[in-house]
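Chain and residue survey
Each chain, written out:
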Amino acid sequence: MKKKIIFCLCAFLNIFLYANETKFDCAQLLNSYLEHDLTLQKLLLEVSKSELNLKLSKIENGFDILLSTGNMIFYPGNGDLDSQITMKPSISAKIPSLKNLTASVSTEYEYKSSSEKNELENTKIAFSVDAISSEEILSKISVLKSERALLEAKRLLQTSSLASENRFYTELKSILLYINDIFTYFQTVYTDKLHLETLKAQGYSSASSTYRVQEMKVSSGEHDIETALHNLRLKFIVFYQNCGIKIDFTDENKFMDFVPENIPVVEALSFSDYEKENFSEIENAKWIHQINEMVRSSDKFFSMGVNAGYTVKNSSTFSDTLDAGISATIGGLNLASSLSFPLGLEGFTPAVSVSMSVSPNLFRKKNITTEQNSLSSQQEVLDIQEAYDNYETSLISYNQACVNLEWEKKSVAENFALYKENESDLYKYYKSGIVSESEFLSAKNNRQLYEIKILINRLEYILYNNEVLSEFVPAN
């Protein structure tokens, strides 16, 4: 077992320099990881659904036409009873976004066999429009909400893609941190071995308690390394499985072959380089306030509509008529009036229709609703202010994180250069017999330890940049 551990130590230290030529490329692994993310696949479908919903909204709030046969009656007759056909066909067209403009044509057709009646009456051509109403703005709101839903679905896909990318790099960072710990275990073993060699040089017997305790420390450290290598193997298998790749991990001593190569080197993004208004919290708070203000403004205390038309053979006046009407709503009071002017008659007496209804509770509820809307608006303004405050807090936090990253990068690079030079010197001394193998391997281990720290620092830059990007919505 001891020979196996010693071989493991030597093989481990040489793997870092002699990596397998079949090492996996980091970018290819990331693409494969994203392709196997079921959450992203579901979000892609959600974007497609939002696109269809937007099309539906535009259809529902665009030009609309309705064709109707009305209530049709067909009676074949029976004995003295006449056969009869009646129907009330109509056609209407509506454009909600244009002040709810509506045009319609309707008529009544009747046929009786005995009187040979076969005629159209009450044929009416009519136009109506809302002079003051909520329909136009409600139509606009409906389309805006559908457009927003699509925009947010696309943004969610983008942020989820960044989040998935972060999970990939976080998993990889976790593995590298574990490797970093393994190098630390090696360093402990080398230190304990040097101490053991010192005891031997001082004349301690291998049977002495001091020597045996130190020897047990070395054996325990080697066992820790063996356990850590086994756990690392499992971590790699799971990581590559998440990338949709099945790896043949039979030799735990060659685990460095599975550390992806070409981990990107990126510069840190500056949080302040992005427009404050594109900060996600600010943009979302402003959108909510804007759309809610539109909804509140659509709840009008006063609304009015007008209509006009021409009726052929109006059954009320037994003549053609020119028709006009007006309707209005004032809180809970509904008023409507229409006039039909007979044409072609000596007595020009119009037919008048008037209606009125009132609901006192609607007036009372309107006052309460107005107060509620005012309070809601104030809350939304405070939400916007809070979003601006959160931006300033995030700016400080991310700037400090960027400074820490830069300091860590510089520190790791300097230490790596020192340990690399130290390794080179000790290698010469080792070949000359001046230092022991354990001293040289300890120096080599430190250099490799900082190679791993450099890779970890690269991943931290990528994670930092993705977090900065996720804080902002894309610029228009």
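Some thoughts on the overall build of the protein
Broken down by element type, the protein carries eight helices and ten strands. Out of the 476 residues belonging to the protein, those deemed buried represent 35%. Summarising the internal contacts of the protein: among those between residues at least 6 apart in sequence, 69% fall at separations of at least 24. Surface exposure of the protein reaches about 27900 Å², of which carbon and sulfur atoms provide 56%.

Examining helix α4 (residues 135–201)
Side chains that are three or four residues apart share a direction in an α-helix, a result of its 3.6 residues per turn. Here α4 is 67 residues long and its end C-alpha atoms lie 96 Å apart, about the 99 Å a rise of 1.5 Å per residue gives. After α4 finishes, the residue G203 shows a positive phi value of roughly 95°.

What to know about helix α8 (residues 437–470)
Taking 1.5 Å of rise per residue, the 34 residues of α8 would be expected to cover 50 Å, and the 50 Å separating its terminal C-alpha atoms lies within 8% of that figure. Most of α8 sits inside the fold, with 25 of its 34 residues counted as buried.

Some remarks on the pattern of salt bridges
If you walk through the whole model with that rule in mind, you get 15 salt bridges. Ionic pairing is found between R296 and E380, a salt bridge with its closest N-O pair at 2.7 Å. Linking R296 in helix α6 (residues 280–298) with E380 in helix α7 (residues 360–431), this pair joins segments that are 84 residues apart in sequence. A single salt-bridge network, built from bridges that share partners, covers R148, E152, R155 and E283.

A look at the packing of aromatic side chains
Considering all chains together, one arrives at 20 aromatic pairs under this definition. Plain terms: the ring middles of Y427 and F440 are 5.4 Å apart, the flat faces sit at 55° to each other, and that makes the pair tilted. On the criterion of sequence distance, the pair formed by Y427 in helix α7 and F440 in helix α8 is long-range, its members being 13 residues apart. For Y427, a relative accessible area of 40% gives the class partly exposed. Relative accessible area serves as the criterion here: at 8%, F440 is assigned to the buried category. An aromatic cluster of three or more residues is present, and its members are F24, Y33, F168, Y169, F236, F239, Y240 and F258. The ring of Y461 carries K409 above its face, with NZ or CZ at 5.5 Å from the centroid. Sitting over the ring of Y450, K453 keeps its end group 5.6 Å from the ring centre.

What to know about the environment of E165
Tracing the backbone through its elements, the reader meets E165 in helix α4. Look at E165 and you get buried, because its relative accessible area is 17%. For E165, the residues in contact, after removing those within four places along its chain, are L30, L34, I462 and N466. Looking at E165, its side chain comes within polar contact range of the side chain of N466, at 3.2 Å.

A word on a nonpolar patch on the surface
Side chains of F63, I65, L67, I91, V105, I125 and F127 sit close together on the surface and give an oily, nonpolar patch of about 680 Å² of accessible area. Among the elements of the structure, β1 (64–68) and β6 (117–132) are those that each provide at least two residues to the nonpolar patch. Tracing the backbone through its elements, the reader meets I65 in strand β1.

As for the packing of α4 against α8
Direction vectors running N to C along α4 and α8 enclose 160°, while the axes themselves pass 9 Å from each other. Taken together, α4 and α8 sit at an angle that is classed as roughly antiparallel. Our pair here, α4 against α8, has a crossing hand that is left-handed.

So, unusual backbone geometry
Its identity as a non-glycine residue notwithstanding, N262 has a phi of 60°, on the positive side. Relative to the helices and strands, N262 resides in the loop between α5 (209–242) and α6.

So, how was this worked out
Residues numbered from 1 in each chain as written. Predicted model: local features only at pLDDT ≥ 70, side-chain atom pairs only at ≥ 80, totals over all residues. Heavy atoms only, no water. Helix = DSSP H or I, 4+ residues; strand = E, 2+ residues; numbered from the N terminus. Buried < 20%, exposed > 50% of the residue type's maximum accessible area, 1.4 Å probe, protein only. Contact = heavy atoms within 4.5 Å. Areas by Shrake-Rupley, 256 points an atom, 1.4 Å probe, with all protein chains shown as cover. Expected span 1.5 Å × (residues − 1). Salt bridge = Lys/Arg side-chain N within 4 Å of Asp/Glu carboxyl O. Phe/Tyr/Trp six-rings, centres within 6.5 Å; stacked < 30°, edge-to-face > 60°. Lys NZ or Arg CZ within 6 Å of the ring centre and 35° of its normal. Polar contact = N/O pair within 3.5 Å; in protein donor to acceptor, adjacent residues only side chain to side chain. Patch = residues over 30% accessible without salt bridge, like charges linked within 9 Å, V, L, I, M, F, W, Y side chains within 5 Å. Axes fitted to C-alpha atoms, helices over the stretch in contact; angles between N-to-C directions. Parallel < 35°, antiparallel > 145°, perpendicular 65-115°, else oblique. Left-handed = near helix turned anticlockwise from the far one by under 90°.

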